[in-house]
Amino acid sequence: RNPDNIDATLWPFAMTHSAYIWNITPKEGILSPNAILTKLLTNEIYNKVRSLKIWGCPVYVLDFKVASGQKLPKWEIKSRRGVYLGVSPK
């Protein structure tokens, strides 16, 4: 995994990610807590579960200029390495 960049200060992110997984995962014979509250279709929930990543794994974040459609010089670094901390709260 990525032990060099993970320490105890990231514990709240791990707990938030764990709660998110618990809330979107269907339980035996019933819908997930999120599905009950938001009345989402089950296919949408399964798509969320399938798109999950492993918490703490390395990710590459695209530079803001490139993401907003601007051009960078050919040999300029276009992304940086980071740590996956869970889904965005938005």
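In case you missed it, the structure is sitting above this.
Rules behind the numbers
- Residues numbered from 1 in each chain as written.
- Predicted model: local features only at pLDDT ≥ 70, side-chain atom pairs only at ≥ 80, totals over all residues.
- Heavy atoms only, no water.
- Helix = DSSP H or I, 4+ residues; strand = E, 2+ residues; numbered from the N terminus.
- Buried < 20%, exposed > 50% of the residue type's maximum accessible area, 1.4 Å probe, protein only.
- Contact = heavy atoms within 4.5 Å.
- Areas by Shrake-Rupley, 256 points an atom, 1.4 Å probe, with all protein chains shown as cover.
- 1 Å grid on protein atoms, 1.4 Å probe; cavity = no way out; pocket = protein on both sides within 12 Å on 5 of 7 lines; lining within 4 Å.
- Points joined across faces, edges and corners; volume = space filled by probe spheres on them.
- Nonpolar A, V, L, I, M, F, W, Y, C, P; charged D, E, K, R; others polar.

Engineer: Just checking my understanding: could you explain the overall build of the protein chain for this structure?
Structural biologist: Regarding its fold elements, the protein chain presents four helices and two strands. Per-residue burial for the protein chain yields a buried fraction of 14% across its 90 residues. Within the protein chain, contacts between residues at least 6 apart in sequence are counted, and of these 54% link residues at least 24 apart. Only carbon and sulfur atoms are counted for the fraction: they give 61% of the accessible area of the protein chain, which is about 7,500 Å².

Engineer: Looking at this model, I keep getting lost on the layout of surface pockets. Mind explaining?
Structural biologist: A probe matching the size of a water molecule, rolled over the atoms, marks out where space remains unfilled. Taken as a whole, the largest pocket encloses approximately 170 Å³ of empty space. Looking at the largest pocket, the residues that line it are Phe13, Thr16, His17, Tyr20, Leu85, Gly86, Val87, Ser88, Pro89 and Lys90. A class-by-class count of the residues in the lining of the largest pocket yields five nonpolar, four polar and one charged.

Engineer: What is the right way to read the environment of Leu85 from this model?
Structural biologist: Mapped onto the secondary structure, Leu85 falls in the segment after strand S2 (79-83). Distance in space between the C-alpha atoms of Leu85 and Pro12 is 9.5 Å, their sequence separation being 73 residues. Contacts of Leu85, omitting those with residues within four sequence positions, involve Leu10, Phe13, His17 and Trp55.

Engineer: Can you walk me through the environment of Tyr60 in this structure?
Structural biologist: The topology assignment puts Tyr60 in strand S1 (residues 58-62). According to the relative accessible area criterion, Tyr60 is exposed, its value standing at 60%. Note: C-alpha distance between Tyr60 and Lys78 (18 residues apart in sequence) is 9.6 Å. Contacts of Tyr60, omitting those with residues within four sequence positions, involve Ser79, Arg80 and Arg81.

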